[in-house]
Amino acid sequence: MRNLGFCLLAFSCWLLTSCKADDEYSTHACRFSYNNMIHNDPTLASALEANSRGVFCLISEHTRAGVHYIAFENNLGQTSKQQETAEEVEAKFILGLNNGIIVGFQTLNTDGPYGGFVGYDVQCPNCVRRENNTVNPNYRVTMESSGVATCSKCGKKYDMNNGGIVQNGEEGDTGLDKYVASTTGPFGLVSVFRR
């Protein structure tokens, strides 16, 4: 039954986004489907609640002593981690350019098929482009409680509540790379994919 839920959510994401060509989404690899009904992770749930707009959660994957974990950190300072199930390990998640995606409901731009729910890559797109490094980039943004993400390398600030737009950019700079993201609620399914 859980596999059916994953398949239906992934198919819905594909169907809603494949009907029109849209350049707003990243072409970098990303594949993440997570069932928070199994894990009941409160840090992740805080960003999956439509009534808690402006709360964003950074998701990354780690391995320690051969055991796979998903780590969660929200922009309010809450952290947690969950051991992956055998099914999740087998799924081989791809978390953006370098093991990190951010999800949450925006306070602005709430229209669209997912009511303003977004998925961003954690890497600064302008540093990735400037350094021409998509193989192993290390230009992570850090999240502030206000919903602003700041690049640790160049200092550019991105408004996660407004489509990830760059706030202090120069001509030619772009906002955070976005992925197709959907959720069924705080203790439901969350999916983030490349379009």
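Whatever comes next refers back to the structure up there.
Residues numbered from 1 in each chain as written. Predicted model: local features only at pLDDT ≥ 70, side-chain atom pairs only at ≥ 80, totals over all residues. Heavy atoms only, no water.

Some points on the overall build of the protein
Item 1. In terms of helices and strands, the protein carries five helices and 12 strands.
Item 2. Buried positions account for 48% of the 195 residues belonging to the protein.
Item 3. Long-range pairs, those at least 24 residues apart, make up 60% of the contacts in the protein with a sequence separation of at least 6.
Item 4. Only carbon and sulfur atoms are counted for the fraction: they give 51% of the accessible area of the protein, which is about 9,500 Å². (Helix = DSSP H or I, 4+ residues; strand = E, 2+ residues; numbered from the N terminus. Buried < 20%, exposed > 50% of the residue type's maximum accessible area, 1.4 Å probe, protein only. Contact = heavy atoms within 4.5 Å. Areas by Shrake-Rupley, 256 points an atom, 1.4 Å probe, with all protein chains shown as cover.)

Notes on the packing of aromatic side chains
Aromatic ring pairs are described here by two measures, namely the spacing of the ring centres and the angle between the planes.
Item 1. This structure, assessed with the given rule, holds four aromatic pairs.
Item 2. Aromatic side chains Phe32 and Tyr34 sit 5.6 Å apart centroid to centroid with 10° between the ring planes, which places their arrangement in the stacked category. Assigned by exposure class, Phe32 and Tyr34 land together as buried.
Item 3. Through a chain of ring-to-ring contacts, the aromatic side chains of Phe32, Tyr34, Phe72 and Phe93 assemble into a single cluster. (Phe/Tyr/Trp six-rings, centres within 6.5 Å; stacked < 30°, edge-to-face > 60°.)

Here's the deal with the environment of Ala149
Item 1. Tracing the sequence through the fold places Ala149 in strand β8 (residues 148-151).
Item 2. Along the backbone, Ala149 and Asn161 are 12 residues apart, and their C-alpha atoms lie at a distance of 10.0 Å.
Item 3. Not counting the four nearest positions on each side in its chain, Ala149 is found in contact with Val141, Thr142, Met143, Lys156, Lys157, Tyr158, Met160 and Leu176.

As for the sheet that holds strand β2 (residues 56-64)
Item 1. One open sheet accounts for eight strands, arranged β1-β12-β11-β6-β5-β2-β3-β4; its pairing is antiparallel. Looking at strand neighbours, the two that pair on one side only are β1 (31-35) and β4 (79-83), the edges of this open sheet. Neighbouring strand axes in the sheet, compared pairwise and without regard to direction, differ in orientation by 20° on average.
Item 2. Where β2 and strand β5 (residues 101-105) come together, four bridges link them in antiparallel fashion. (Pairing = 2+ DSSP bridges. Axes fitted to C-alpha atoms, helices over the stretch in contact; angles between N-to-C directions.)

Things to note about the side chain of Asn74
Item 1. Note on placement: Asn74 falls in strand β3 (residues 67-74).
Item 2. On the basis of relative accessibility, which here comes to 3%, the residue Asn74 falls in the buried class.
Item 3. A polar contact of 2.9 Å, which involves the side chain of Asn74, links it to the backbone nitrogen of Leu76. (Polar contact = N/O pair within 3.5 Å; in protein donor to acceptor, adjacent residues only side chain to side chain.)

Here's the deal with the sheet that holds strand β10 (residues 165-166)
Note on sheets: strands pair through backbone hydrogen bonds, and any given pair is parallel or antiparallel.
Item 1. Spatial ordering of the open sheet is given by β7-β8-β9-β10, a layout of four strands whose pairing is antiparallel. With one partner strand each, in any of the chains shown, β7 (141-143) and β10 form the two edges of the open sheet.
Item 2. Summarising the sheet, strand β9 (residues 157-159) and β10 pair through two bridges and their orientation is antiparallel. By the bridge assignment for β10, Asp159 is matched with Ile165.

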